[in-house]
Amino acid sequence: MSDRPTPEPIMQVAQGFMASKFLFAATETGLFEKLAPVPATLDEVAAGTGLPPRTARILVDGLVALGFVERENDRYRNAPVAEAFLAGRGPMDLRDFLRFWNRISYRRWEKLEEAVRTGKQLFGELEFTREEQEVFSKGVGAFTTGAAMAMAAAYDFKEHRRVIDVGGGTGNFLVILLGQHPHLEGTLFELPRTAAVARPTIAASPAAARIKVVEGDFFKDPLPEGHDAVILANVVHLFGPGRILDLLRTIRKRVPDGARLLLADFWTDATHTHPVFAALMAGEFLVNSGEGDVYSDDDARGWFAQTGWRFVERKPLAGPQSLVVAEGVK
Ligand SMILES: C[S@@+](CC[C@H](N)C(=O)[O-])C[C@H]1O[C@@H](n2cnc3c(N)ncnc32)[C@H](O)[C@@H]1O
């Protein structure tokens, strides 16, 4: 066997955008919903999605090649992974996540080269039209639901009573957490435009009566007091160290000694290269917010030492997400 490199890894990575686009196009056209577990012919797929038969075939063949659709003779059905996460019939629904990456992230990534060349902020910080805001918030929520479910199970909430989710998006962490822990009460603290997306989701949840929504900007407005646990999920990656330190100090001032801070994020190893998914997400945060980045738990320990927190532990959550726990010290 030769140790000589082949161009294969280059070809695979370079072609990655084509695979993404096949997946996005399938989601946007409703292919996975239409492909019931009962196998369908191409004509049935075309009729169900409203696509021309020729292009339905191109789409479906690409998805067979990628392993999201299975073909048996002249009939097609969702592969188990697509049926579980992309058909709207499984316990977790990733369609909103793919919609967010297709409609917002993908377009912004065209500017990655400019972002790395200039280091400039190329888009207004989380500046979206109302429609984009809904796509963004629901998309983030769909992605982080796995981490929210894992956190509700992995961290012991017995000793806590009142949890605030700072920058809590659609409220999915609180809805899942309070759904599993009936003794808890929750507060969602969010910017008004995100709170508007969160309210209907929270209102429709069984925990609605125990979740209060408070609108505000955590860099300008006081956080509500009286909480013994703070969730800060996928927020620090939007900012550079300066604003992270400000935010951690602000939160510390508003909670008692001993309060717990639960940071769910794409925590990396010390080199910021593992997990791979997290290392690549640094590009997402760079194009989206200019100063965004991924961080290691060593970075977090450094911030805690300056802002009144002590590192307690790190636990895996779901996929590339993990949990860093800190405790408020005197
Ligand atoms: C990537 S999303 C994470 C949402 C949620 N925590 C999750 O993990 O699913 C970051 C959230 O921070 C909120 N956010 C950003 N800046 C904020 C600010 N200055 N004050 C309050 N919320 C803010 C955004 O509205 C957005 O919902």
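Thresholds applied
- Residues numbered from 1 in each chain as written.
- Predicted model: local features only at pLDDT ≥ 70, side-chain atom pairs only at ≥ 80, totals over all residues.
- Helix = DSSP H or I, 4+ residues; strand = E, 2+ residues; numbered from the N terminus.
- Rg over C-alpha atoms; globule rule 2.2 N^0.38 Å.
- Buried ≥ 20, exposed ≤ 12 C-beta atoms within 10 Å, placed from the backbone.
- Pairing = 2+ DSSP bridges.
- Contact = placed C-beta atoms within 7 Å.
- Axes fitted to C-alpha atoms, helices over the stretch in contact; angles between N-to-C directions.
- Core = buried A, V, L, I, M, F, W, Y, C linked by C-beta atoms within 7 Å.
- Near = placed C-beta within 6 Å.
- Nonpolar A, V, L, I, M, F, W, Y, C, P; charged D, E, K, R; others polar.
- Domains from an automatic or database assignment.
- Expected span 1.5 Å × (residues − 1).
- Arc of directions from axis to C-beta.
- Parallel < 35°, antiparallel > 145°, perpendicular 65-115°, else oblique.

Asker: Teacher, can you tell me more about the overall build of the chain here?
Answerer: Along its length, the chain carries 14 helices and ten strands. At 22 Å, the chain has a C-alpha radius of gyration in line with the 20 Å of a compact globule built from 330 residues. Dimensions along the principal axes, computed over C-alpha positions, put the chain at roughly 70 × 50 × 40 Å. Across the 330 residues that make up the chain, the buried fraction comes to 37%.

Asker: Mind showing me how you'd approach the sheet that holds strand 3 (residues 75–78) here?
Answerer: Read across the sheet, three strands follow the order 1-3-2 without closing on themselves; strand pairing throughout is antiparallel. The strands lining the two open edges of the sheet, one partner per strand, are strand 1 (40–41) and strand 2 (69–72). Relative to strand 3, strand 2 runs antiparallel, the two being bridged by four bridges. Bridging across to strand 3, Val69 finds its partner in Asn78. Here helix 5 (residues 53–66) sits on the sheet and contacts strand 2 and strand 3; the angle it forms with strand 2, its principal contact strand, is near 100°.

Asker: What is the right way to read the nonpolar core from this model?
Answerer: In summary, soluble globular proteins display a tendency toward joint burial of nonpolar side chains. Core analysis: the biggest nonpolar cluster contains 56 residues, and Met151, Val230, Leu262 and Leu263 have the highest contact counts within it. Broken down by element, this core gets its largest block of residues, six residues, from helix 10 (residues 172–180). Setting aside residues up to four positions removed in sequence, Leu263 forms contacts with Leu232, Val236, Ala300, Leu323 and Val324. Leu23, Phe68, Leu86 and Trp101 belong to the second-largest nonpolar core, a separate cluster that totals 26 residues.

Asker: Would you explain the sheet that holds strand 7 (residues 229–231) in this entry?
Answerer: Note: strands within a sheet are paired through backbone hydrogen bonds, in either parallel or antiparallel orientation. Here we have seven strands laid out as an open sheet, ordered 6-5-4-7-8-10-9, and mixed in their pairing. On the outer flanks of this sheet lie strand 6 (211–215) and strand 9 (309–316), each paired with one strand and no other. Strand-to-strand twist of the sheet, defined as the mean angle between neighbouring strand axes without regard to direction, takes the value 20°. Direction of pairing for strand 5 (residues 185–190) relative to strand 6: parallel, over a ladder of five bridges. The residue bridging Thr187 from the neighbouring strand is Lys212, located in strand 6. Packing against the sheet, helix 11 (residues 192–203) makes contact with strand 5 and strand 6, and its axis sits at approximately 165° to strand 6.

Asker: Can you walk me through the site of the ligand in this structure?
Answerer: Not every one of the 19 residues close to the ligand is listed here, only the nearest: Thr144, Gly167, Gly169, Ala233 and Asn234. Residue contributions to the shell around the ligand peak at four residues, all from helix 9 (residues 130–154). Looking at the shell around the ligand, its residues break down into eight nonpolar, nine polar and two charged.

Asker: Would you mind showing me how to read the environment of Ser296 here?
Answerer: Among the structural elements, Ser296 can be located in the loop between helix 13 (276–289) and helix 14 (297–307). For Ser296, a count of 19 C-beta atoms within 10 Å corresponds to the partly exposed category. For Ser296 and His272, which are 24 residues apart along the polypeptide, the C-alpha to C-alpha distance reads 6.4 Å. Other than its neighbours up to four places away in sequence, Ser296 contacts Trp267, Thr268, Asp269, Ala270 and His272.

Asker: Explain the domain arrangement of the chain to me, please; I cannot follow it from the model alone.
Answerer: Per the domain assignment, the segments making up the chain are domain 1 (8–85) and domain 2 (95–328). The straight-line distance from the C-alpha centre of domain 1 to that of domain 2 is 32 Å. Looking at the side of domain 1 that touches domain 2 residue by residue, the classes come out as two nonpolar, one polar and one charged.

Asker: Where do I start with helix 11 in this structure?
Answerer: Under the 1.5 Å per step criterion, the end-to-end length of helix 11 is 16 Å for twelve residues, consistent within 8% with the ideal 16 Å. Those residues of helix 11 that fall on the buried side of the exposure criterion are Thr194, Ala195, Val197, Ala198 and Ile202. In an axial view of helix 11, the angular spread of the buried residues amounts to 160°, which keeps them on one side of the axis. Those residues of helix 11 that are exposed and angled more than 90 degrees off the buried face are Pro192, Pro200 and Ala203. In this structure, the buried residues of helix 11 make contact with helix 9, helix 10, strand 5 and strand 6.

Asker: How do you make sense of the packing of helix 4 (residues 42–49) against helix 5 when you look at a structure like this?
Answerer: Between two packed helices, both the angle of their axes relative to each other and the distance between the axes serve to describe the pair. Here helix 4 crosses helix 5 at 105°, and the two axes come no closer than 9 Å. Judged by the inter-axis angle, helix 4 sits roughly perpendicular to helix 5. Side by side, helix 4 and helix 5 meet where Leu42, Asp43, Val45, Ala46 and Thr49 of the first sit next to Pro53, Ala56, Arg57 and Val60 of the second. Tallied by class, the residues present in the contact of helix 4 with helix 5 amount to six nonpolar, one polar and two charged.

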